[in-house]
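# Tertiary structure, described
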Amino acid sequence: MIVVRPLNELIGLLPPLAALVFFGNFDTWRVVTSASVVGLIIGYGLLSWLTTKYRITETQVELHKGVVFRQRRSIPRDRIRTVDLTAKLGHRAFGLSAVRVGTGQQERTPGEGTVTLDAVTAAEAERLRQALLRKVAQTEDENDEGVSIARLDKRWYRYAPLTVSGFISIGIVVGFVMNLASELDFRFSEVGAIREIFGWVSHANPLRVVPVAAVFVIVLSVLASLAGYLLQNHDYRLTRQPDGTVRVRRGLLTTRSVSIEEKRLRGAVLHEPLLLRAGKGARVTAVTTGLNKVGGSSLLLPPAPRTEADRVTADVLATNEPPTSATLAQHPARAKVRRIVRAVVPTVALAAILLALAETANWPDWPWITATVLIPVSVALGLDRYRNLGHTLTEDYLVARSGSLDRSTVALRRNGIIGWKITRTLFQRRARVFTLTAITAAGSSGYAVLDVGDDQGLDLADAALPDLIGQFLVRD
Amino acid sequence: MSESEWRLRAPANLVSKRAVLLWTLRAAIFWVVVVGAEAVALLVVDGAPRWLRVTLVAAAVIGVVHTAVMPRWRYRVHRWETTADAVFTRSGWVSQEWRLAPISRIQTVDTARGPLQQLLKLSTITVTTASAQGPVTIENLDADVAARVVEELAATTQATPGDAT
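Keep in mind the model is a prediction, meaning the values are calculated, not measured. (Residues numbered from 1 in each chain as written. Chains lettered and ligands numbered in written order. Predicted model: local features only at pLDDT ≥ 70, side-chain atom pairs only at ≥ 80, totals over all residues. Heavy atoms only, no water.)

Turning to the packing of helix α1 (residues 18–44) of chain B against helix α2 (residues 51–77) of chain B, a few remarks are in order. Residue and element names in this part refer to chain B. For the pair α1 and α2, the least separation of the axes is 9 Å and the interaxial angle reads 175 degrees. By the angle class used here, α1 and α2 are roughly antiparallel. Of the residues belonging to the contact of α1 with α2, the class tally is 18 nonpolar, 5 polar and 3 charged. (Axes fitted to C-alpha atoms, helices over the stretch in contact; angles between N-to-C directions. Helix = DSSP H or I, 4+ residues; strand = E, 2+ residues; numbered from the N terminus. Parallel < 35°, antiparallel > 145°, perpendicular 65-115°, else oblique. Nonpolar A, V, L, I, M, F, W, Y, C, P; charged D, E, K, R; others polar.)

Across the sheet, 7 strands lie side by side as β19(A)-β18(A)-β17(A)-β5(B)-β4(B)-β3(B)-β2(B); this open sheet has antiparallel pairing. Strand pairing shows two members of the sheet lacking a second neighbour, β19 (446–453) of chain A together with β2 (13–14) of chain B, which therefore form its edges. Here 6 bridges tie strand β18 (residues 433–440) of chain A to β19 of chain A, and the two strands are oriented antiparallel to one another. Paired with A438 of chain A across the two strands is Y447 of chain A, which belongs to β19 of chain A. Against the sheet, helix α13 (residues 454–464) of chain A contacts β17 (417–424), β18 and β19 of chain A, and its axis sits at roughly 140 degrees relative to β19 of chain A. Across the face of the sheet, α2 of chain B comes into contact with β2, β3 (79–82), β4 (86–92) and β5 (96–102) of chain B while running at roughly 160 degrees to β4 of chain B. (Pairing = 2+ DSSP bridges. Contact = heavy atoms within 4.5 Å.)

Further remarks concern the UniProt feature "transmembrane region" (unreviewed entry) in chain A. All names here are of chain A. The feature "transmembrane region" (unreviewed entry), as annotated in UniProt, sits at residues 7–26, 32–50, 159–181, 209–231, 340–360, 366–383 and 431–450 in this numbering. For residues 209–231, the helix share is 100%, the strand share is 0%, and the end-to-end C-alpha distance is 33 Å. Helix makes up 100% of residues 340–360 and strand makes up 0%, while its end C-alpha atoms are separated by 30 Å. (UniProt positions renumbered as here; feature names shortened; annotations may be inferred.)

Below, the discussion takes up unusual backbone geometry. Residue and element names in this part refer to chain A. Backbone geometry at A318 places phi at a positive 55 degrees, although glycine is not the residue there. Here A318 shows up in the loop between α9 (306–317) and α10 (333–360). A relative accessible area of 64% places A318 in the exposed class. Phi angles above zero are rare outside glycine, and R432 is one such case at about 50 degrees. Residue position: R432 is located in the loop between α12 (426–430) and β18. Using a relative accessible area of 47% as the deciding quantity, one classes R432 as partly exposed. (Buried < 20%, exposed > 50% of the residue type's maximum accessible area, 1.4 Å probe, protein only.)

Counting from both sides, the interface comprises 35 residues of chain A and, opposite them, 31 residues of chain B. Overall, the association of chain A and chain B removes approximately 3300 Å² of surface from exposure, summing both partners, and the carbon and sulfur fraction of that is 55%. Three residues, I418, D455 and F472 of chain A, lead the burial of chain A against chain B; their summed loss comes to 22% of the area buried on that side. Inspection of the region where chain A meets chain B yields 0 salt bridges. Put simply, chain A and chain B have 8 residue pairs in polar contact (both at pLDDT 80 or more) between them. If you tally residues by element for the side of chain A that touches chain B, the top one is β17 of chain A, at 8 residues. Looking at the side of chain A that touches chain B residue by residue, the class counts come to 13 nonpolar, 12 polar and 10 charged. Here β17 of chain A pairs with β5 of chain B via 5 bridges, running antiparallel. Bridge pairing in β5 of chain B places I422 of chain A opposite W98 of chain B. (Buried area = accessible area lost by both parts, 1.4 Å probe. Salt bridge = Lys/Arg side-chain N within 4 Å of Asp/Glu carboxyl O. Polar contact = N/O pair within 3.5 Å; in protein donor to acceptor, adjacent residues only side chain to side chain.)

What follows deals with helix α4 (residues 143–159) of chain B. Residues and elements named next belong to chain B. For α4, with 17 residues, the first-to-last C-alpha span of 25 Å sits near the 24 Å given by 1.5 Å per residue. Those residues of α4 that sit buried are A143, A146, V149, V150, L153 and T157. All buried residues of α4 project into a common sector of 115 degrees when viewed along the axis, lining one side. Residues of α4 that are exposed and point over 90 degrees away from its buried face: D144, E151, Q158 and A159. The inward-facing, buried residues of α4 abut β3, β4, β6 (108–112), β7 (122–128) and β8 (136–142). Where α4 begins, one side-chain oxygen reaches toward the backbone nitrogen of D144, 3.1 Å away; that side chain belongs to D142. (Expected span 1.5 Å × (residues − 1). Arc of directions from axis to C-beta.)

Pasting the structure below:
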């Protein structure tokens, strides 16, 4: 523990330090700064190790920490809903792991509902996981692997390029490199190869440059997304443990193990971003209390075939049929107009502004032409958004679907709903639709059924949770 | 689509009549600050851009209309009701929001009074549930009514079993 925290922070600092050594002009000032930064990080790590103590009693998990501000946290053990073991590279080099214990408490300030023990030995972490989640004395074999629900299939890698994560990470890397280069006074134009590429891009025929650049970016982002999939989901396993939890384990360099108490599982969300949907793939996350949203700790299934997603959803929720693939009731046609208008208006406004700028401020023509071409695309997007709107009730679940570029289908346990919120804008009022939000203690704490018809929505709320809204309904 | 035409009725109780005054004061203070800042800039800064005049006039007009219309409109919308097993509220003006929380899921009942509210003897009740999106607020009740409602809610909540999650 004494070295891990500084080590993890140092690993993050490695690229700039390496760059400093290799490219930097060694002025003393820079070297002194970096050396003192490293020294400070190690010193702080040492101090925080000396000041952190934890204790697990019969009823409480207690954590005392803080160098300047002393902090004492304690959470009752019967409130523990999830245990998340995360081992970054720095941890793994020393056989350690960070343990994050989540309660059902909603976090008004980040970290309010969780206690993190960073870091304990991997064996201690495993012991803690079992001890903390075991409510009653059970005879569990120490090395019980649990019942397998799903494990990584090599063929799932073909879904990795269908996410935009690769593209985003390229952007981040490029931004980082640019920033670093300007920080170190490194001029790209001094490298012959880069200068030649830039010269070609700025002088060659755009009809050739654009396809070549596009292919280059696509190849890079495919590679980056494959690498990301490998890093995050290597050796992914989803199991059901005898102590009444489902457990997700995954990761190549940073390994994670998330245990979710099944009793507290309130449902699941099926994510199908446009590309992934086109490739018949999906991702599944859990709706549960006690997991904060950072770091995707609620992931149940990484991008995988839709059939696998359905099977895993049904298995985890212990239903015969996956609620997320139930047939959904359509929303009224008035909602279609709203979806299209909302998709088209921003594009039209953008095209108009760009046209005005081209007319008055000498802007080139291609921006407004591009924006105009996008108008039919936005109509298609609006239509698809409407087609995806839907809801239904199954025996135990409220199911709602919406979105086009990032379509998601939520199945929320009906007995996990702890209230309703109905919002209606002026436009929704004229279209006789409203947005019904099911309030819950789990997940993102509210799940919306978008633009549901007036009667349809009230019927839904009444049927999903009898004896609540019914007393306020009157017949016209 | 169902055969029957159901309609969600409005909650039974209005908020305090003095809430109109409070909303008017709040809106007025806000717009006086905005318009005042622009007017000062226009008077003090040499060669202030011409569009500042336009925005000043626009802000003044919008401010007057908003201050005149919003409070009365709100007063017609804001309503609340507590029954034996639920809290039911309606709020907003152009966009409206209904909220329903079962008494069995209530965790805490708080009241809060800002400086203007203290002056006008008004209270805001916040009913929290286990959800971060859950708090149901009843704004600007008469302070005495609020105290009574809090007491009633506390009594019924204690009588209802369960851990409210």
